[in-house]
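Survey of secondary and tertiary structure
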Amino acid sequence: MGNSLKTIVAFVPSNECQKYLLEDLEEMPVDKMVDLSGSQLRRLPLHICSFRELVKLYLSDNNLNHLPPELEQLQNLQILALDFNNFKALPLVVCTLKQLCILYLGNNKLCSLPLELRLLQNLKTLWIESNCLQCLPEVVCELSLLKTLHAGSNALRTLPTRLRRLQELRTIWLSGNLLAEFPPVLLDMPFLEVIDVDRNSIRFFPSLAHLPGLKLVIYDHNPCRNAPKVAKGVRRVGRWSEETPEPRKRSGAVIEITLDERPSLPPVAKPETE
């Protein structure tokens with residue numbers, strides 16, 4: 001009954017109904033965080049926008065498809081979670097929140113990202129997985145401090161060459177796309193530590209042994225004829241991963257990879273580390 005009532009109340013714009021959705025949250029929490037995930041929201045209660053010192057705002061798993069312009073008042077916001085909603089376009093007001101470090105946009109209906117995203121120059125983590133992207137938006141290449149990019153489960157066939165500009169990028173997740181070849185631009189990014197191209201259509205892997213920062217490559221579920229060659233100590237997940245990087249010098253050593261060592265998909269409770 002509670003969830004059904006919230007669903008009805010979400011359509012009513014009165015202040016009283018919005019405060020009901022906030023469950024008596026009338027003052028900004030001491031921890032400067034508001035979590036309205038799974039609250040049946042169809043619109044963001046405007047009362048939230050009065051919490052000008054807010055640092056973390058979680059709106060995951062609702063029915064949102066737009067955000068009010070008043071959101072711009074939250075200029076101290078560092079973490080914003082909009083995943084599992086109904087956004088077909090990223091509201092431009094998000095691009096005014098210049099202190100954002102972590103932005104979750106996964107599991108929406110995004111086909112592109114606005115050029116205004118370039119204004120988020122403090123962004124270090126961007127999750128755009130499970131959308132409708134057929135190419136990685138070029139504007140992502142202008143996020144100079146980006147360290148983690150999750151673009152899995154889209155319809156990507158290539159990556160832009162300008163991606164090599166992101167010299168702070170350490171982790172890139174591309175699983176569940178339509179890559180027919182290993183993205184050449186990744187071969188020019190020696191600072192990458194984790195590359196995930198699981199569940200694509202890659203038939204041949206070039207050598208990755210020249211990437212000095214690489215620690216883990218996940219290439220499972222590809223119709224490949226070979227395993228990517230990697231430097232000593234780099235972990236691989238995929239066919240023939242138990243073999244040493246240089247089969248001719250095999251000494252019987254086995255690179256052990258357990259399930260606990262595999263990076264997980266985003267948890268329900270969002271990580272707050274960069």
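What this report covers is the structure whose coordinates are included nearby. Note that this is a predicted model, so its numbers are computed, not measured.

Basis of the calculations
Residues numbered from 1 in each chain as written. Predicted model: local features only at pLDDT ≥ 70, side-chain atom pairs only at ≥ 80, totals over all residues. Heavy atoms only, no water. Helix = DSSP H or I, 4+ residues; strand = E, 2+ residues; numbered from the N terminus. Buried < 20%, exposed > 50% of the residue type's maximum accessible area, 1.4 Å probe, protein only. Contact = heavy atoms within 4.5 Å. Pairing = 2+ DSSP bridges. Axes fitted to C-alpha atoms, helices over the stretch in contact; angles between N-to-C directions. Salt bridge = Lys/Arg side-chain N within 4 Å of Asp/Glu carboxyl O. Polar contact = N/O pair within 3.5 Å; in protein donor to acceptor, adjacent residues only side chain to side chain.

Some points on the overall build of the protein
Along the backbone of the protein there are 2 helices and 10 strands. Along its sequence from the N terminus, the protein presents helices and strands in the succession α-α-β-β-β-β-β-β-β-β-β-β. Taking all 274 residues of the protein together, the buried fraction comes to 47%. For the protein, restricting intrachain contacts to residue pairs at least 6 apart in sequence, the fraction spanning at least 24 positions comes to 26%.

A closer look at the sheet that holds strand β7 (residues 171-173)
Ordered by their spatial adjacency, 10 strands build an open sheet running β1-β2-β3-β4-β5-β6-β7-β8-β9-β10, and the pairing between neighbours is parallel. Every other strand in the sheet has two partners, leaving β1 (33-35) and β10 (235-237) as the edge strands with one partner each. Adjacent strand axes in the sheet meet at a mean angle of 5 degrees, parallel and antiparallel pairs treated alike. Judged from the 3 bridges that link them, β1 and strand β2 (residues 56-58) form a sheet pairing that is parallel. Opposite valine 34, over in β2, you have leucine 57 as the bridge partner.

As for the pattern of salt bridges
Here the idea is simple: oppositely charged side chains can pair when their charged atoms come close. For the structure shown, the criterion picks out 6 salt bridges. With a shortest N-O distance of 2.9 Å, arginine 164 and aspartate 188 are connected by a salt bridge. Placement of the pair is arginine 164 in the loop between β6 (148-150) and β7 and aspartate 188 in the loop between β7 and β8 (194-196), with a sequence separation of 24 residues. You can call arginine 164 partly exposed: its relative accessible area is 35%. For aspartate 198, the salt bridge identified is with arginine 199, shortest N-O distance 3.7 Å.

Some words on the side chain of aspartate 83
With respect to the helices, strands and loops of the structure, aspartate 83 is situated in the loop between β3 (79-81) and β4 (102-104). There is a polar contact of 2.5 Å between the side chain of aspartate 83 and the side chain of serine 60.

Overview of the environment of leucine 90
Inspection of the secondary structure assignment puts leucine 90 in the loop between β3 and β4. Sequence separation between leucine 90 and asparagine 65 is 25 residues; the distance between their C-alpha atoms is 8.8 Å.

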